[in-house]
Every structure is written in C-alpha cells, then in structure tokens.
Number of protein chains: 2
Amino acid sequence: MKSREVHLNEYLKGAPSASNYSVVEVDVPAPADGEVTVRNSYISVDPYMRGRMSGIKTYIDPFQIGAVMDGGAVGEVTASNFDGLEVGDHVMSMHGWREGYTKPGNSLMKIDTSILPAQAYLGVAGLTGMTAYVGLKRIINLQAGETLWMSAGAGAVGSVGAQFAKAMGATVIATAGGAEKCEYLKSIGVDHAIDYKATDNLADAIREVSPKGIDAYFENVGGPHFTAALETLTGRGRMAVCGMIHRYNDAEPSMIADNLTYIIGKSLKIEGFIVSDHMDIQGDFIKDLTEWMMAGKINPAETILEGIEKAPEAFTGLFEGKNTGKMLVKI
Amino acid sequence: MKSREVHLNEYLKGAPSASNYSVVEVDVPAPADGEVTVRNSYISVDPYMRGRMSGIKTYIDPFQIGAVMDGGAVGEVTASNFDGLEVGDHVMSMHGWREGYTKPGNSLMKIDTSILPAQAYLGVAGLTGMTAYVGLKRIINLQAGETLWMSAGAGAVGSVGAQFAKAMGATVIATAGGAEKCEYLKSIGVDHAIDYKATDNLADAIREVSPKGIDAYFENVGGPHFTAALETLTGRGRMAVCGMIHRYNDAEPSMIADNLTYIIGKSLKIEGFIVSDHMDIQGDFIKDLTEWMMAGKINPAETILEGIEKAPEAFTGLFEGKNTGKMLVKI
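Considerations on the overall build of chain A
Part 1 of the reasoning: In terms of helices and strands, chain A carries nine helices and 16 strands.
Part 2 of the reasoning: Taking 2.2 N^0.38 as the reference for a compact globule, 331 residues should give roughly 20 Å; the C-alpha atoms of chain A span a radius of gyration of 20 Å, in line with that estimate.
Part 3 of the reasoning: Along the first, second and third principal axes, the C-alpha atoms of chain A reach 65 × 45 × 35 Å.
Part 4 of the reasoning: Considering only residue pairs separated by 6 or more positions, chain A has 66% of its internal contacts joining residues 24 or more positions apart.

A closer look at the nonpolar core
Part 1 of the reasoning: In this structure, Leu148, Ala165 and Leu185 of chain A together with Leu148, Ala165 and Leu185 of chain B are the most contacted members of the largest nonpolar core, which totals 204 residues.
Part 2 of the reasoning: Residues contacting leucine 185 of chain B, with those up to four places away along its chain left out, are Gly153, Ala154, Ala162, Ala174, Ala176, Val190 and Ala193 of chain B.

Structural notes on the sheet that holds strand β12 (residues 233-241) of chain B
Consider a sheet: its strands pair through backbone hydrogen bonds, and that pairing is either parallel or antiparallel.
Part 1 of the reasoning: Spatially, the 12 strands line up as an open sheet ordered β10(A)-β9(A)-β8(A)-β11(A)-β12(A)-β14(A)-β14(B)-β12(B)-β11(B)-β8(B)-β9(B)-β10(B), and their pairing is mixed. The open sheet has two edge strands with one neighbour each: β10 (192-195) of chain A together with β10 (192-195) of chain B. Each adjacent strand pair in this sheet contributes to an overall mean axis angle of 15 degrees, direction not counted.
Part 2 of the reasoning: Pairing geometry for strand β11 (residues 214-219) of chain B and β12 of chain B, over five bridges, is parallel.

Quick notes on the relation of the copies chain B and chain A
Part 1 of the reasoning: Note on the identical chains: chain B maps onto chain A by a rotation of 180 degrees and an axial translation of 0.0 Å, with an RMSD of 0.0 Å. What we have between these two chains is a two-fold relation.

Regarding the environment of glutamine 119 of chain B
Residue and element names in this part refer to chain B.
Part 1 of the reasoning: Note on placement: glutamine 119 falls in the loop between β7 (109-111) and α2 (127-140).
Part 2 of the reasoning: By the C-beta count within 10 Å, which is 25 here, glutamine 119 ends up buried.
Part 3 of the reasoning: Distance in space between the C-alpha atoms of glutamine 119 and asparagine 9 is 28 Å, their sequence separation being 110 residues.
Part 4 of the reasoning: Setting aside residues up to four positions removed in sequence, glutamine 119 forms contacts with Tyr42, Val74, Glu302 and Leu328.

Topic: the packing of helix α5 (residues 202-209) of chain A against helix α6 (residues 224-232) of chain A
Residues and elements named next belong to chain A.
Part 1 of the reasoning: It is the contact of α5 with α6, at a shortest axis distance of 8 Å, that shows an interaxial angle of 45 degrees. As the angle between them shows, α5 and α6 are arranged oblique. Once α5 is placed against α6, the crossing between them reads as right-handed. In contact with Leu202, Ala203, Ile206 and Arg207 of α5, α6 contributes Pro224, His225, Ala228, Glu231 and Thr232.
Part 2 of the reasoning: Residues that form the contact of α5 with α6 fall into these classes: five nonpolar, two polar and two charged.

Some thoughts on the packing of α2 of chain B against helix α3 (residues 156-167) of chain B
Residue and element names in this part refer to chain B.
Part 1 of the reasoning: Where α2 meets α3, the closest approach of the two axes is 8 Å, and the angle between their N-to-C directions is 50 degrees. On the basis of their axis angle, the class for α2 and α3 is oblique. By crossing handedness, the relation of α2 to α3 is classed as right-handed. Where α2 approaches α3, its residues Thr128, Gly129, Thr131, Ala132, Tyr133, Gly135 and Leu136 are matched on the opposing element by Ala156, Val157, Val160, Gly161, Phe164 and Ala165.

Comments concerning the domain arrangement of chain A
Residues and elements named next belong to chain A.
Part 1 of the reasoning: Here chain A is partitioned into domain 1 (2-123 + 301-330) and domain 2 (127-294).
Part 2 of the reasoning: Using only C-alpha atoms to locate each centre, domain 1 and domain 2 end up separated by 27 Å.
Part 3 of the reasoning: Taken residue by residue, the interface counts 19 residues in domain 1 and 16 residues in domain 2.
Part 4 of the reasoning: Residue assignment for the side of domain 1 that touches domain 2 shows that the elements contributing at least two residues are α1 (49-52), α9 (311-319) and β16 (326-330).
Part 5 of the reasoning: Split by residue class, the side of domain 1 that touches domain 2 holds eight nonpolar, eight polar and three charged.

Observations regarding the pairing of strand β4 (residues 73-80) of chain B
Part 1 of the reasoning: One ladder, built from seven bridges, connects strand β3 (residues 35-44) of chain B with β4 of chain B; its direction is antiparallel. Each residue of the ladder has a partner; that of valine 38 of chain B, found in β4 of chain B, is valine 77 of chain B.

Re α9 of chain A
Residue and element names in this part refer to chain A.
Part 1 of the reasoning: Among the residues of α9, those classed as buried are Ala311, Pro312, Ala314, Phe315 and Leu318. Considered in projection along α9, the buried side chains sweep an arc of 165 degrees and stay on one side of the axis.
Part 2 of the reasoning: Elements in contact with the buried residues of α9: β1 (2-8), β2 (21-27), β3 (35-44), α1, β15 (302-306) and β16.
Part 3 of the reasoning: Once α9 ends, the next one or two residues include glycine 321, with phi positive near 70 degrees.

Points about α5 of chain A
Each α-helix turn comprises 3.6 residues. Residues three or four places apart therefore point the same way.
All names here are of chain A.
Part 1 of the reasoning: Every buried residue of α5 is listed here: Leu202, Ala205 and Ile206. Around the axis of α5, the buried residues are gathered within 100 degrees of arc, so they sit on the same side. Turned more than 90 degrees off the buried face of α5, the exposed positions are Asp204 and Glu208.
Part 2 of the reasoning: Buried residues along α5 sit against β8 (147-150), β9 (171-176), β10, β11 (214-219) and α6.

Thoughts on the interface of chain B and chain A
Part 1 of the reasoning: Each partner contributes to the interface: chain B provides 32 residues, whereas chain A provides 33 residues.
Part 2 of the reasoning: Going through the elements one at a time, β13 (254-258), α7 (262-265) and β14 (269-272) of chain B are the ones with two or more residues in the side of chain B that touches chain A.
Part 3 of the reasoning: Top element by residues in the side of chain B that touches chain A is β13 of chain B. It accounts for five residues.
Part 4 of the reasoning: Taken together, the residues of the side of chain B that touches chain A break down into 16 nonpolar, 10 polar and six charged.
Part 5 of the reasoning: Sheet topology note: the strand β14 (residues 269-272) of chain A/β14 of chain B ladder contains three bridges and is antiparallel. Bridging from a neighbouring strand, glutamate 271 of chain A pairs with lysine 269 of chain B of β14 of chain B.

Criteria and cut-off values
- Residues numbered from 1 in each chain as written.
- Chains lettered and ligands numbered in written order.
- Predicted model: local features only at pLDDT ≥ 70, side-chain atom pairs only at ≥ 80, totals over all residues.
- Helix = DSSP H or I, 4+ residues; strand = E, 2+ residues; numbered from the N terminus.
- Rg over C-alpha atoms; globule rule 2.2 N^0.38 Å.
- Contact = placed C-beta atoms within 7 Å.
- Core = buried A, V, L, I, M, F, W, Y, C linked by C-beta atoms within 7 Å.
- Buried ≥ 20, exposed ≤ 12 C-beta atoms within 10 Å, placed from the backbone.
- Pairing = 2+ DSSP bridges.
- Axes fitted to C-alpha atoms, helices over the stretch in contact; angles between N-to-C directions.
- Least-squares fit on C-alpha atoms with pLDDT ≥ 70 in both.
- Parallel < 35°, antiparallel > 145°, perpendicular 65-115°, else oblique.
- Left-handed = near helix turned anticlockwise from the far one by under 90°.
- Nonpolar A, V, L, I, M, F, W, Y, C, P; charged D, E, K, R; others polar.
- Domains from an automatic or database assignment.
- Arc of directions from axis to C-beta.

Structure (structure tokens):
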C-alpha cells in the first residue's frame with residue numbers, strides 16, 4: 001500500500017501557507033508482530049495545531065520538521081498482527097495527516113461505529129466535544145437559567161458547546177462571522193445569534209439582546225471579543241478560556257484595549273484550560289452526551305474537504321472562518 | 001466644636017487635582033440621644049476611592065457631590081449619649097475626611113488600642129491587611145514553598161501582603177518604584193526586590209531572580225505589570241487581582257500588549273476580588289495576624305501627612321508612588 005502524507009517543512013511566524021508543507025508519498029509496510037495497518041477515512045484539523053508549528057514548547061511539544069503533522073484521525077484496519085484489532089475494525093489515532101500507516105496496535109483506540117459515524121469521534125464525541133464540556137461544566141460550572149455567551153459559535157467547539165449549554169438549561173448568545181453562520185446558529189437553537197462582522201460594537205450588541213449582560217463567557221476568539229466579554233460579564237461572572245484563534249497567526253504581539261479593571265470591580269474569574277488535564281470527567285461527558293443525543297438535542301455540523309493534499313487548505317481555513325462546525329478532511 | 005471637612009465638588013476623569021475639593025468648616029452639634037461626638041486622630045486614603053470619584057456605580061456607590069469624602073477613620077469619643085461608648089474610647093468609622101463629627105453610636109466600631117495603635121485598624125489590622133490576606137489565602141491559596149510576585153510591594157496592601165506571604169512560607173519577589181522603596185522591601189525580608197523603574201523588561205527581571213518563573217502573582221498595578229505576570233507565571237499559575245492603580249486615573253482606555261494566549265497554554269487562573277465579599281474569613285485573619293505579629297514577623301510601615309487639608313494631597317500621592325506602606329493623614 002502507498003500513502004501520501006503531509007510533512008512540515010519549517011517552523012513559522014504568521015499565517016501558514018502551502019510552502020510550509022510537503023506532500024510525500026511513502027510505502028506502507030506490512031504489519032510486523034503487534035502492528036496493524038490502517039487506511040484513514042477522515043483526519044482532523046484543529047486550531048491548537050498552530051501552536052505546534054511555531055517550534056516553541058508549550059503544554060505540548062512542537063511538530064517535528066520533515067515529519068508527518070500528527071493529530072486526530074479515524075480509519076479502518078486493513079491488516080492486523082495485533083490481538084484485539086481485526087480487519088474491518090474502525091480506530092481512532094493521533095497519527096495525523098496521512099492516507100494510511102502501519103503502527104503498533106496499542107497506539108490506536110477501537111471505536112464503535114454502530115451508533116455514531118467514525119468521524120464523530122473526531123468531533124462531538126471526541127476531544128472537540130469533551131473540550132466544550134470541560135469548559136462549560138468544570139471551568140464555568142454553568143447553571144440552568146444563566147446566560148452564556150459562546151464565541152465562535154459556528155466553530156467546532158463552539159457549535160457543540162452552544163448546544164450543550166442549551167441542554168444544560170442556559171440561555172445562549174452565540175457570535176459568528178457572517179449571516180450564513182448566524183442562520184446555522186438559529187437552526188441549532190441558540191437564543192440569540194450575533195454576526196460580529198456586522199456590528200462595530202460587540203458589547204452593545206450583546207447588551208441589546210441581554211440588557212443585564214452575561215453570567216459566563218466561553219472564549220474561543222480573543223482580541224476584541226475578550227474586551228467585550230469583560231465589559232458585559234456581570235458580577236462574579238466566569239470566563240473559560242479555551243482558545244484565541246484571532247491571535248494564533250500573529251507574527252508580532254498585537255495591542256488590545258485595556259479594560260482589565262473590570263476584573264476587580266466585578267470580581268470576575270478567568271480560567272484557561274487544556275482538555276487533557278480534565279480527562280477525569282470523561283465518564284460524565286459520555287453519560288450526558290448520550291442522554292442529550294438520545295433526546296435529539298445535539299446536531300453536530302461538519303465542513304469536509306476531500307483528499308489528503310487538501311489538509312493544509314482545510315487547516316488555514318480555520319483561521320479564515322471557512323468552517324461551520326467541525327473541519328475534516330475526507331480521505 | 002468646629003470641624004473642617006473635605007467635600008467633593010465634581011465627578012472627574014483623569015488625575016484628581018485640588019480644584020476637585022473644597023475644605024469646609026462646620027459646627028459639630030452636641031450628641032442627641034444615641035449619638036456620640038468623635039474627634040478623629042487619623043484618616044485613611046485608599047486607591048479604591050478613585051473609582052467613587054468617577055460618578056459611576058460599580059460594586060460601591062459613587063461619592064455624593066457637595067458632601068464629605070467618606071472612608072475609614074479612627075478617633076476618640078469626646079461626648080457620648082450612646083450606651084456602650086464612653087468619653088475616651090477609640091472608635092473606627094467610615095465617616096471620612098473630617099476632623100470630627102457627631103453620629104449615631106451604632107455606626108462606629110470600638111477598637112482596642114492597648115496592643116495596637118489606633119491607626120493600625122486602618123492598616124495592617126484593618127481592611128488593608130484583610131485585603132492582602134484574602135488575596136493570598138482565598139484567591140491564590142498560596143502554599144509554603146511557592147514563589148509569589150507581589151506588585152506595589154511597598155504600598156499599603158503590598159507591604160503587609162509581602163510579609164504575610166513570607167510568614168506563610170513562600171519565596172517573595174516584590175516590585176516597587178525606586179531604590180529607596182527596594183531598600184525598604186529588603187528591610188521587611190522579601191527575598192528579591194526589583195525596582196521596576198530601573199528595568200526595561202519586567203518579565204526578564206523576574207526570570208533573572210527566579211528562572212523557573214512564579215507560581216502566583218498579586219496584582220495591584222495593572223498595565224505592563226499584568227502582561228509581565230502572564231509571561232512569567234508557570235503552568236496552573238494563579239493571579240489575584242486586587243487593584244490596578246496604574247489605570248485608575250486613565251481618562252481614556254489605554255492599550256496593552258495582548259499576550260492573553262498564555263492563559264490557555266499555561267492554564268492560568270485570574271480572579272478579581274472585593275474584600276467585603278470575603279468577611280467570612282476575618283476570624284482566620286485575626287488569628288493568623290496575631291500569631292505572626294507575636295512572632296515579630298510583621299512590621300507595618302506608614303507614610304503620614306498632617307492636617308485634614310492635606311487629605312487630597314495624600315490621596316493624589318498614592319498614584320504618584322509617594323507612600324511607603326499605608327498612607328494616612330494625622331488630624
């Protein structure tokens with residue numbers, strides 16, 4: 001079997017471009033003892049990957065230059081020398097942007113595709129959904145009757161998070177860029193959809209739909225979204241800081257209006273989190289998600305590009321707002 | 001009895017000046033039933049008062065135009081028609097910037113001056129000390145062996161907070177403006193004193209004395225101090241946001257470098273607080289403070305101006321770094 005895979009050529013500042021990557025065709029060997037061969041069906045592109053392209057160690061190591069961009073992927077076993085995985089089984093891996101591979105069976109997680117499609121394990125039922133859940137449940141501790149502002153509400157985490165928050169009994173304001181995404185937001189049941197590109201004062205737009213302000217804010221964007229959140233949060237308001245996609249491609253530090261004194265006057269709590277630090281509540285997540293899905297409360301959206309060579313374009317599209325829901329590459 | 005008192009003439013933007021106030025002489029009536037007459041000995045000036053001069057309701061009402069600037073004061077009872085207070089008793093009040101007054105006895109708190117001087121109830125043993133304690137104990141939850149950065153370390157809250165943190169077993173880095181204040185910081189036992197005015201990169205100065213960074217940050221300043229804290233906090237670092245004196249006189253919003261993505265990558269927790277929301281731990285505060293003072297661990301500093309007409313100058317001095325320790329006006 002041959003596999004095309006996407007390698008990173010160099011660490012970068014600023015927005016990624018095609019020249020940062022190479023598409024390389026390799027031979028996939030037959031599985032040795034304990035190994036399996038997998039043909040991927042979908043690969044995931046996620047904003048956090050941008051940090052790994054800067055060459056700086058944060059909570060996660062940088063990508064290796066000249067090696068595959070690793071990350072979430074689902075596929076089907078085509079050959080197995082590993083007890084516990086058979087040909088035809090579906091698996092999730094972190095083996096990244098490639099059509100197929102041979103790897104140790106113990107680096108793979110078998111997934112059940114009888115109820116959910118395989119790619120759901122990259123989205124609502126995977127780390128994307130878990131990220132939204134951790135932010136709402138553990139960091140914000142969202143209560144029924146509260147008002148939540150979900151930023152990037154049409155994004156992968158935002159779109160499932162907005163639906164989780166509705167299922168938890170909150171009033172949900174969601175922001176997104178463009179009328180089409182706002183239509184989508186209404187279709188998934190948010191109470192108020194705001195097109196941030198069509199307003200020149202985001203805080204005023206929030207207060208227009210919720211004069212008392214917001215009890216909690218789920219941060220996926222950063223920059224002026226952050227300052228508008230400080231302005232509209234009510235006393236003892238909480239902010240979960242999940243991502244700041246507005247900033248990931250900044251080559252130089254940007255400036256922002258300093259309204260941080262709101263943190264004192266309103267006794268705000270702002271907390272960043274990495275989903276992998278909170279896997280202890282994964283059992284609660286699966287239980288709640290199953291209940292919400294059985295009740296028809298969750299409709300995950302996907303934006304799909306086809307062909308491994310489209311992975312860089314799909315990834316860059318995340319920063320240009322090209323996706324509604326989870327961005328995937330179909331192999 | 002006559003009393004001179006300081007009235008606020010107008011709400012303001014920017015730095016306060018002498019024209020914002022009037023000094024007015026009034027007659028202090030004899031106490032009616034339930035009232036006492038008090039001659040103040042010290043009045044307190046505090047940074048939070050700046051917010052009350054802007055005419056905007058926050059967690060506390062604005063000052064009244066044409067009325068006394070109210071705030072903490074201590075004094076001695078000179079006449080009493082109230083059961084429980086006698087001539088010669090020392091009392092603390094929130095009746096503010098005046099030489100004396102007649103008020104209901106139940107608006108006063110009797111204080112014990114046999115161990116601590118009266119003005120300590122405006123400082124280390126009062127809301128100033130309690131503020132430092134709440135920030136360290138409840139918001140940061142400082143542990144022995146951790147490294148804390150105390151900003152405005154020579155200020156009222158900062159100077160007692162730095163000593164509390166040492167008593168709690170932490171390594172303390174304190175910043176202040178000028179060599180003289182840094183000498184003072186060394187005299188009260190902080191591990192590292194940094195003159196922020198003598199460095200052009202505060203984060204580098206912190207890392208020079210603590211290469212691993214800081215576990216916790218006590219925010220009294222804001223602006224570039226805040227960004228340097230985000231840069232130097234370690235994973236799961238905590239920030240208590242008590243004040244941002246750098247910003248209180250801003251007439252227009254200032255800009256700040258946006259390095260907020262550190263909140264995600266390092267899973268930081270940032271929490272603002274108002275001391276009055278945490279009075280439930282006042283018992284713990286008194287117990288710990290007594291123990292630390294008996295062990296000789298706490299040496300509060302005071303900067304004292306004399307005469308009620310100096311209250312505006314003392315207050316403005318807070319924003320110009322004129323005080324070491326608690327700023328007081330002696331009557």
